[in-house]
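# Coordinates in review
What follows is each chain in one-letter form.
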Amino acid sequence: MNINIIINLKSFLSLGCTKSVSISCGYNHLVNFTVFTRPLSNFDTFLRQQEQQQQHLESGKYSLTVQRNHFSSFSMSSTDESGCDRRIVQLKQIIRTYPDFPKKGILFYDVLPILAEPKALHDTIEIFVEQINQISGTVDYVVGIEARGFLFGTLVAQRLNCPFIPLRKPGKLPGKVRKQTYALEYGEDSIEIKEDAIKPKSNCVLIDDLLATGGTMGAGIKLIESIGSNVILSLVIIELLDLKGRNKVSSPIYSIFQF
């Protein structure tokens, strides 16, 4: 197994000091290494010298890549022999499926077991944050769709050190709200946001657990745009490809799993 670690040394910069870092890899591996920082005046020169260089740890199993990037903290991906991200392979084993739920003919994908596994929850948030760090522009708000979007969105917002804003079902938010209605297979539904929750001209990341027909996520984007802000990325754990929900989502979208 090869572990590739991308690290922004600025996150650990402390004049003339060294920092020991322990990183949990997968579910059974732990990598320990030391980051040697440099005085601030020499940092850019040092970073240029080290850019793209591979530094092999004593075990020979892991490599540390130092490269210039805009991450606010280190990120890590672990791959198996086939080149697949080991975190995603392990997460897929945790997700449960229930046929004929909530009604006959529907295969229900349950992501809640992720919450029962601290390492799995950590990996899910890390994957989302890595995707956010790859886009240009500052993230001003993380917006979550009721209800599972709250569970993952709040943790992403905490990691990014930015506000979390909930999109809720009608009648759940006090004060003045904006509403967006969207079509269901039979009938319609709505989601709401507080009028003053997001400042105009802000960049938002929208999070939910599942992208099915795309109605809810599409409505969420329209709500945010009605305030005068924009969604620079939408994130979901599962995307059901046959339902073509992506066609109703105007923002870039990333899904960890596609079924």
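For the structure, check the block above.
Residues numbered from 1 in each chain as written. Predicted model: local features only at pLDDT ≥ 70, side-chain atom pairs only at ≥ 80, totals over all residues. Heavy atoms only, no water.

## Observations concerning the overall build of the protein chain
Condition: Strands here mean DSSP runs of E at least two residues long; helices mean DSSP runs of H or I at least four residues long; both are numbered from the N terminus. Relative accessibility under 20% of the residue-type maximum defines a buried residue, over 50% an exposed one, and the middle range a partly exposed one, all with a 1.4 Å probe and only protein chains included. Two residues qualify as a contact provided that any one of their heavy atoms is within 4.5 Å of a heavy atom in the partner residue. The protein chains shown are the only cover counted for residues, whose accessible areas, like all others here, come from Shrake-Rupley with a 1.4 Å probe.
Helix and strand counts for the protein chain come out as five helices and 15 strands. Across the 259 residues in the protein chain, those meeting the buried criterion constitute 45%. Across the protein chain, the fraction of contacts at a sequence separation of at least 24, relative to all contacts at a separation of at least 6, is 57%. Taken as a whole, the protein chain presents about 13700 Å² of accessible surface, with 50% of it coming from carbon and sulfur.

## A short note on the packing of aromatic side chains
Heads up, the rule is: Centres within 6.5 Å are what make two rings of Phe, Tyr or Trp a pair, Trp counting through its six-membered ring; a difference in plane orientation under 30 degrees is then read as stacked, over 60 as edge-to-face, and the rest as tilted.
Following the criterion strictly, the structure yields four aromatic pairs and no others. A centroid spacing of 4.6 Å and a plane angle of 15 degrees characterise the contact between Tyr109 and Phe259, whose relative ring orientation is stacked. In this pair, Tyr109 sits in strand β8 (residues 107-110) while Phe259 sits in the segment after β15 (253-258), placing the two residues 150 residues apart along the sequence. When the ring of Phe150 is compared with that of Phe164, the centres are 5.9 Å apart and the planes differ by 80 degrees; the resulting orientation is edge-to-face.

## A short note on the packing of helix α2 (residues 86-94) against helix α3 (residues 118-133)
The criterion, for reference: To get an axis, a line is fitted to the C-alpha atoms, and for a helix only the part in contact is used. The angle between two axes follows their N-to-C directions and goes from 0 to 180 degrees. The cut-offs work like this: below 35 degrees is roughly parallel, past 145 is roughly antiparallel, 65 to 115 is roughly perpendicular, and the gaps in between are oblique. What makes a crossing left-handed is the near helix being turned counterclockwise from the far one by less than a right angle; a clockwise turn instead makes it right-handed. Note on residue classes: Ala, Val, Leu, Ile, Met, Phe, Trp, Tyr, Cys and Pro are nonpolar, Asp, Glu, Lys and Arg are charged, and everything else, Gly too, is polar.
Close contact between α2 and α3 brings their axes to 10 Å; oriented N to C, the two are set at 130 degrees. Accordingly, the angle class assigned to the pair α2 and α3 is oblique. As for the relative orientation of α2 and α3, their crossing is left-handed in sense. Contacts between α2 and α3 involve Arg87, Ile88, Leu91 and Ile94 from the former and Ala120, Asp123, Thr124, Glu126, Ile127 and Glu130 from the latter. In the contact of α2 with α3, the residues fall into five nonpolar, one polar and four charged.

## Focus: the pairing of strand β12 (residues 188-194)
Heads up, the condition is: In this scheme, strands are said to pair when DSSP sees at least two bridges between them.
Relative to β12, strand β11 (residues 177-183) is paired through seven bridges, and the arrangement is antiparallel. From the neighbouring strand, Arg178 faces β12, where its bridge partner is Ile193.

## Concerning the nonpolar core
The test is simple: For our purposes a nonpolar core is just a set of buried Ala, Val, Leu, Ile, Met, Phe, Trp, Tyr and Cys residues, chained together by side-chain atoms within 4.5 Å.
Among the nonpolar cores identified, the biggest contains 31 residues, and Ile114, Phe152 and Ile237 are the most heavily contacted of them. Looking at this core, the element that brings in the most residues is α3, giving seven residues. Beyond its immediate stretch of four places on either side in the chain, Ile237 contacts Ile95, Val111, Ile114, Thr124, Phe128, Phe152, Asp208, Asp209, Ser255, Ile256 and Phe257. Ile165, Ile191, Ile221 and Ile227 belong to the second largest nonpolar core, which has 23 residues in total.

## Some details on the pattern of salt bridges
What counts is decided by this rule: Criterion for a salt bridge: a side-chain nitrogen of Lys or Arg within 4 Å of a carboxyl oxygen of Asp or Glu.
Taken as a whole and assessed by the stated rule, the structure comprises ten salt bridges. A salt bridge links Asp123 to Lys119; the nearest nitrogen and oxygen atoms lie 2.4 Å apart. Here Asp123 pairs with Lys119, and both are found in helix α3, just four residues apart, close to one helical turn. Exposure class is identical for Asp123 and Lys119. Each is buried. Here Asp209 ties to Arg148 by a salt bridge, and the two come within 3.9 Å at their closest N and O atoms. Remark: Arg148 occurs in helix α4 (residues 148-160) and Asp209 occurs in strand β13 (residues 203-211); sequence separation between them is 61 residues. Overall, Asp209 belongs to the buried group, its relative accessible area being 10%. Here the residues in one salt-bridge network are Asp85, Arg87 and Glu130, joined through shared partners.

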